[in-house]
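Architecture and fold: a report
Read off the chains here:
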Amino acid sequence: MVFRKVVAVLVLCLVIALSESAIKGNKTAFARTPRLPELDSVDSTGSQTAINLIEQVARNSEYVSFKATQTVIIWHPEGTSACISNIVHKAPNLTRTEYLLSSAAPGEFRTVISDGESIWHYEPSLKVVFQMPDVASDFHDNADAEEFNTARDMDLIKANYEVSLIGTESLAGRQAYVIRLEPRHPGNPSRRIWVDREYPFILKTEKYRPDGAMSSVSFYNHIEFFPALTDDIFRLDTPHDVVTVELPASDNLMPLDELEKEADFAIPVPEFLPPGYVIEGGFLSIYRTFPAAHIRLTDGLNTISYFVLPRIEKDSRRQDTILSFSDSSGARVLRWKERGYEFTLVGEVDESLLTAMAQTVRFAPQVSREPQPESFSQYVTKFFYQFFWFDR
């Protein structure tokens with residue numbers, strides 16, 4: 001009897017301890033719920049207020065759980081692309097995105113799930129799940145125009161953009177601050193963002209080309225903050241005949257000097273960089289049979305990508321003309337060949353800035369070595385790489 005009482009007391013103490021831990025854990029989670037301070041007034045000249053709001057978004061947006069429907073529209077020379085998706089995010093790192101079928105994007109249904117360590121990309125039409133490491137947090141990516149990252153980026157934004165709070169508007173049943181970011185240097189895109197007045201979260205983004213024409217808009221049609229979410233939502237259930245293909249992780253973003261040491265080929269870098277831009281680093285292709293380098297430049301808000309592909313052509317002469325076109329996202333693309341290399345510049349900037357970069361690519365003396373002949377397997381790999389990358 002005494003033994004049973006002792007056991008009962010121990011069990012009761014354990015239950016109390018666990019309950020206290022759970023309560024403390026819930027309090028901690030609640031304490032991390034980020035909120036924005038209420039502003040007494042909106043001053044269109046209050047640049048520092050707008051910057052403070054963006055900094056709050058950069059630091060705390062990942063801690064905002066939500067359930068929403070988002071629309072993205074992109075205008076490009078060939079027409080208009082649109083995408084509607086259902087997004088569920090459980091702070092800080094569980095996200096499920098379901099891309100819906102539409103007349104503007106037939107056959108584009110897919111599901112993407114991320115847990116902060118891995119990404120599962122389900123393509124029902126192919127009956128394939130692509131699984132890969134989640135490296136999005138290793139470097140900033142503004143492709144979706146929804147994020148601001150790192151203290152360095154904020155310093156660059158303050159140096160390269162006029163930031164102003166221009167008003168408030170109602171959006172998706174929420175009140176939002178409207179912030180305008182205008183480039184200090186000509187030839188760069190501008191942006192407007194709508195930040196929720198209660199939480200550090202961007203409800204809408206408008207991007208404008210250097211000529212002032214709108215290039216894209218993304219907004220939430222409906223959004224619910226901090227809904228009740230279970231982890232089951234973030235498990236991917238697929239039919240039995242769906243296969244999983246594991247993709248290797250890409251190299252980490254490396255400083256330029258380290259990138260040049262790791263590469264088994266020389267990487268000529270443009271002598272001219274557009275005003276305000278810095279080289280944040282680069283990547284090497286994970287497929288060693290098809291060497292390539294990708295160097296990223298940023299001004300804090302916008303990015304320019306510079307690709308170097310060696311051993312593409314045996315002809316060492318410089319191409320007389322530089323091929324210029326727009327990709328499916330509306331970004332400008334310049335491509336040219338020289339000394340057996342193929343170079344590509346991609347950016348949502350004025351073409352004159354990319355041209356100036358291309359014209360200042362210089363080969364160091366040690367690059368005079370002749371490229372090795374390309375094998376048939378390398379050629380096939382190159383073909384599929386270029387086909388799928390430029391059709392993205």
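Since this is a predicted model, take the numbers as computed values, not measurements. Every chain begins its residue count from 1, and numbering advances along the sequence as written. In keeping with the predicted nature of the model, local features appear solely for residues at pLDDT of at least 70, side-chain atom pairs appear and are counted solely at 80 or more, and the whole-chain, interface and lining totals rest on all residues. For side-chain calculations, the full set of non-hydrogen atoms in the structure is used, while hydrogens and water are omitted.

1. Comments concerning unusual backbone geometry
For clarity, the threshold we go by: Put simply, DSSP H or I for four residues or longer makes a helix, DSSP E for two residues or longer makes a strand, and each gets a number counted from the N terminus. Between buried and exposed lies partly exposed: a residue is buried under 20% and exposed over 50% of the maximum accessible area for its type, with that area taken using a 1.4 Å probe on protein chains only.
Look at the link from Ala-91 to Pro-92: it is a cis peptide, with omega at 5°. Relative to the assigned elements, Pro-92 resides in the loop between strand E2 (79-90) and strand E3 (94-99). Its identity as a non-glycine residue notwithstanding, Lys-127 has a phi of 55°, on the positive side. For Lys-127, the location among the structural elements is in the loop between strand E5 (118-123) and strand E6 (128-133). Although it is not a glycine, Phe-226 adopts a positive phi angle of roughly 50°. Within the secondary structure, Phe-226 sits in the loop between strand E11 (214-225) and strand E12 (243-246). Judged by relative accessible area, Phe-226 falls into the partly exposed class, the value being 29%.

2. Re helix H2 (residues 47-60)
Stated precisely, the cut-off is as follows: Working rule for helices: expected span equals 1.5 Å times residues minus one.
Helix length check: H2 (14 residues) gives 20 Å between terminal C-alpha atoms against 20 Å at 1.5 Å per residue, within 8%. When H2 is considered as a whole, its buried residues turn out to be Ala-50, Ile-51, Leu-53, Ile-54, Glu-55, Val-57 and Asn-60.

3. Here's the deal with the packing of aromatic side chains
Applied cut-off: Each pair of aromatic rings taken from Phe, Tyr and Trp, with Trp reduced to its six-membered ring, is defined by centres within 6.5 Å and is described as stacked if the planes are under 30 degrees apart, edge-to-face if over 60, and tilted in the remaining cases.
Scanning all chains against the criterion turns up nine aromatic pairs. Ring geometry for Tyr-306 against Phe-343: centres 6.3 Å apart, planes inclined by 5°, an arrangement best described as stacked. In this pair, Tyr-306 is assigned in strand E15 (residues 303-309) and Phe-343 in strand E18 (residues 341-347), connecting sequence segments 37 residues apart. With respect to burial, Tyr-306 and Phe-343 carry one shared label: buried.

4. A word on the pairing of strand E14 (residues 293-298)
Selection criterion: Between any two strands, at least two bridges found by DSSP are needed for them to pair.
Counting buried positions along E14 yields six of six residues, so the element is predominantly enclosed. Of the two faces of E14, the one carrying Ala-293, Ile-295 and Leu-297 and the one carrying His-294, Arg-296 and Thr-298 are both buried. As judged from the six bridges shared by strand E13 (residues 278-284) and E14, these two strands associate in the antiparallel manner. If you follow Leu-284 over to E14, its bridge partner there is Ala-293. The pairing of E14 with E15 spans six bridges and is antiparallel. Within the sheet, the bridge partner assigned to Arg-296 lies in E15 and is Ser-305. In textbook terms, the turn of a hairpin is the stretch between consecutive antiparallel strands, and for E14 and E15 this stretch comprises four residues, one of which, Gly-300, has a positive phi near 100°.

5. What to know about the sheet that holds E13
Two strands in a sheet stick together by hydrogen bonds in their backbones, pointing the same way (parallel) or opposite ways (antiparallel). Applicable threshold: Axis definition: a line fitted to C-alpha atoms, limited for helices to the stretch in contact. Angles are taken between N-to-C directions and run from 0 to 180 degrees. Whether two residues touch is decided by their heavy atoms; if any such pair falls within 4.5 Å, the residues are in contact.
What the six strands build is an open sheet, ordered E13-E14-E15-E18-E17-E16; its pairing is antiparallel. Two strands in the sheet have a free side with no partner beyond their single neighbour: E13 and strand E16 (323-326). Strand-to-strand twist in this sheet, taken as the mean axis angle between neighbours without regard to direction, amounts to 20°. Taken strand by strand, helix H5 (residues 351-358) contacts E14, E15, E16, strand E17 (332-338) and E18, and its axis lies near 20° from that of E17.

6. Observations concerning H5
Heads up, the condition is: Note that the arc is defined by the directions from the helix axis to the C-beta atoms.
Along H5, the residues that are buried comprise Leu-353, Leu-354, Met-357 and Ala-358. Looking down the long axis of H5, one finds its buried residues gathered within 140° of arc, a one-sided arrangement. Lining the buried residues of H5 we find E14, E15, E17 and E18.

7. Regarding the confidence of the model for the protein chain
Stated formally: pLDDT is a per-residue confidence score from the predictor, ranging from 0 to 100.
Confidence along the protein chain averages 78 in pLDDT terms, with 73% of residues attaining 70 or more. Confidence over residues 1-31 falls short of pLDDT 50; this stretch has zero contacts with residues more than four positions distant or in other chains. The low-confidence segment residues 365-392, where pLDDT is below 50, has 37 contacts with residues more than four positions distant or belonging to other chains.

8. Looking at the nonpolar core
Note the threshold: To form a nonpolar core, buried Ala, Val, Leu, Ile, Met, Phe, Trp, Tyr and Cys residues must be joined to one another through side-chain atoms within 4.5 Å.
The biggest cluster of nonpolar side chains holds 27 residues, and the ones touching the most others in it are Phe-265, Ile-267, Ile-304, Tyr-306, Val-308, Phe-343 and Leu-345. Those elements that provide at least two residues to this core are E14, E15, E17, E18 and H5. Here this core takes four residues from H5, the largest share from any one element. Setting aside its immediate chain neighbours within four residues, Ile-304 contacts Pro-274, Tyr-277, Ile-295, Arg-296, Leu-297, Leu-345, Val-346, Val-349, Leu-354 and Met-357. One finds Leu-39, Met-154, Val-163 and Leu-165 within the second-largest nonpolar core, a separate group that totals 19 residues.

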